[in-house]
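# Analysis of the macromolecular model
Residue-level listing of the chains:
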Amino acid sequence: MKNMKIAILSDVHLDMNSNYVGEDLLPVFVQCLKEKEPDLILIAGDISDHVISSLTILEAIEQRLGVKTLFIPGNHDVWIKQNENSLTNYQTFANHPSSLIDTPYLLSNDYVIIGEMGWFDYTLVAPHIPFQKVKNTLMDWGDHKYTNWGCDHVTLTQRMIEKVEKQLLLHQDKKIIFATHFVPYREFLSVSNSYMDWNLYNAFMGSSKLGDLLNRHSNVEYVIFGHTHERFGTTDSHHKKIICNPLGYIGERSKQVFQQELEQSVTMIQLKNFIPS
């Protein structure tokens, strides 16, 4: 028996943060994780703004650390360039050996990690916001402008939720660590400020229906997500451990600031008396 240490991150945006600082931040990222000495790494989306760069970075992390790294894409990872298709890029992620999409990772006879990207269905918008305003705002929202799924966002979200439900039902005999990118619970949304009307923009942040599904399964012990760029740390809610501690975009053009912010955003969990499968 041993304790298993899992390093959890999301919203690392290594491309944008590196461009902002003016140098490659991957070595800083790798060194930070190396010092944590994890047995497993789990990244809950948004490594970069494209499938090719995200998978290249993902593979570099795993190769340099020699530690199994699991991943689900976030909204930025599936953004497309001209003549690309989001579903094709999503499937490219799904086919990668580090992906959790349709491929739960069995940790032991007791624990399994299940993951799915998720999407948004407007259920997290503030109740007083007219839906016509949501529709008008959607036209300028990046996840609408830079994706092409061949279906509307509500339909896509429902398909994601149905896939999650299938995996939850298949693993009712296990303790589940569940990872997604989009927000499943309203209390982890950003609050409106002078810069952003989050009462409106939270329409595009996730789905309360996913949270409802997770709540129906008491064997889900951990729920991990990001996307919001608000750090809530690890909290007890919905009879689960909720981890929402994204890195996001750093506020200064400094490698030292990136390192400090990264240190604060890495969450370590330990599974005690762990017997590998």
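Please read these numbers as outputs of a predicted model, since none were measured by experiment. (Residues numbered from 1 in each chain as written. Predicted model: local features only at pLDDT ≥ 70, side-chain atom pairs only at ≥ 80, totals over all residues. Heavy atoms only, no water.)

What follows concerns empty space enclosed by the protein. Using a probe with the size of a water molecule, rolled over the atoms, empty space left in the structure can be pinpointed. Counted according to the given criterion, the structure contains 3 cavities of 30 Å³ or more. In this structure, the largest cavity encloses a volume near 60 Å³. Forming the walls of the largest cavity are Glu116, Gly118, Trp119, Thr157, Met160, Ile161, Val164, Phe178, Thr180, Phe182, Ser207 and Leu210. Looking at the lining of the largest cavity residue by residue, the class counts come to 7 nonpolar, 4 polar and 1 charged. (1 Å grid on protein atoms, 1.4 Å probe; cavity = no way out; pocket = protein on both sides within 12 Å on 5 of 7 lines; lining within 4 Å. Points joined across faces, edges and corners; volume = space filled by probe spheres on them. Nonpolar A, V, L, I, M, F, W, Y, C, P; charged D, E, K, R; others polar.)

Note that strand E8 (residues 233–237) and strand E9 (residues 240–244) share 5 bridges and pair antiparallel. Bridging across to E9, Thr235 finds its partner in Ile242. Counted along the chain from E8 to the antiparallel partner E9, the turn is 2 residues long, and its residue His238 has a positive phi close to 60°. (Pairing = 2+ DSSP bridges. Helix = DSSP H or I, 4+ residues; strand = E, 2+ residues; numbered from the N terminus.)

With that settled, consider the packing of aromatic side chains. Inspection of every chain in the model, using the stated rule, returns 15 aromatic pairs. Relative to Tyr146, the ring of Trp79 lies with its centre 4.9 Å away and its plane at 55°, an arrangement referred to as tilted. Linking Trp79 in the loop between strand E3 (69–71) and helix H4 (86–94) with Tyr146 in the loop between helix H6 (142–145) and helix H7 (153–170), this pair joins segments that are 67 residues apart in sequence. For the ring pair Trp198 and Tyr201, a centre distance of 6.1 Å and an interplane angle of 75° mean the geometry is edge-to-face. Here Tyr201 and Trp198 lie together in helix H8 (residues 198–201), a separation of 3 residues that amounts to about one turn. Residue classification places Trp198 among the buried residues on the basis of a relative accessible area of 13%. These aromatic residues form a ring-pair network of at least three members: Tyr90, Trp119, Phe120, Tyr122, Phe131, Trp141, Trp149, Phe182, Trp198, Tyr201 and Phe204. (Phe/Tyr/Trp six-rings, centres within 6.5 Å; stacked < 30°, edge-to-face > 60°. Buried < 20%, exposed > 50% of the residue type's maximum accessible area, 1.4 Å probe, protein only.)

If you check which residues of H4 are buried, you get Ser86, Asn89, Tyr90, Phe93 and Ala94. Projection of H4 onto a plane perpendicular to its axis shows the buried side chains occupying an angular sector of 150°, all on one side. Of the residues flanking the start of H4, the one acting as N-cap is Asn85, its side-chain oxygen 2.9 Å from the backbone nitrogen of Leu87. (Arc of directions from axis to C-beta. Polar contact = N/O pair within 3.5 Å; in protein donor to acceptor, adjacent residues only side chain to side chain.)

Attention shifts here to unusual backbone geometry. Despite not being glycine, Glu37 shows a phi value in the positive range, around 55°. With a relative accessible area of 57%, Glu37 lands in the exposed category.

The side chains of a regular strand alternate between the sheet's two faces. Side chains Leu40 and Leu42 of strand E2 (residues 40–43) all project onto a buried face; the interleaved residues Ile41 and Ile43 project onto the opposite face, where all are buried too. With 4 bridges connecting them, strand E1 (residues 2–9) and E2 associate as parallel partners. Residue pairing in the sheet places Ile6 in a bridge with Leu40 of E2. Pairing geometry for E2 and E3, over 3 bridges, is parallel. Of the residues in E3, the one forming a bridge with Ile41 is Thr69. With helix H3 (residues 51–65) bridging E2 and the parallel E3, this β-α-β connection has right-handed handedness. (Right-handed = clockwise from strand over helix to strand, strands pointing away.)

Before going further, it helps to spend a moment on the side chain of Asp46. For Asp46, the position within the fold is in the loop between E2 and H3. An unpaired buried charge is present at Asp46: no salt bridge exists, and Arg231, the closest side chain of opposite charge, is 13 Å distant. At a separation of 3.2 Å, a polar atom in the side chain of Asp46 contacts the side chain of His181. Beyond its immediate sequence surroundings of up to four residues, Asp46 is in contact with Asp11, Val12, His13, Gly74, Asn75, His76, Asp77 and His181. (Lys, Arg positive; Asp, Glu negative; His and termini not counted. Salt bridge = Lys/Arg side-chain N within 4 Å of Asp/Glu carboxyl O. Contact = heavy atoms within 4.5 Å.)

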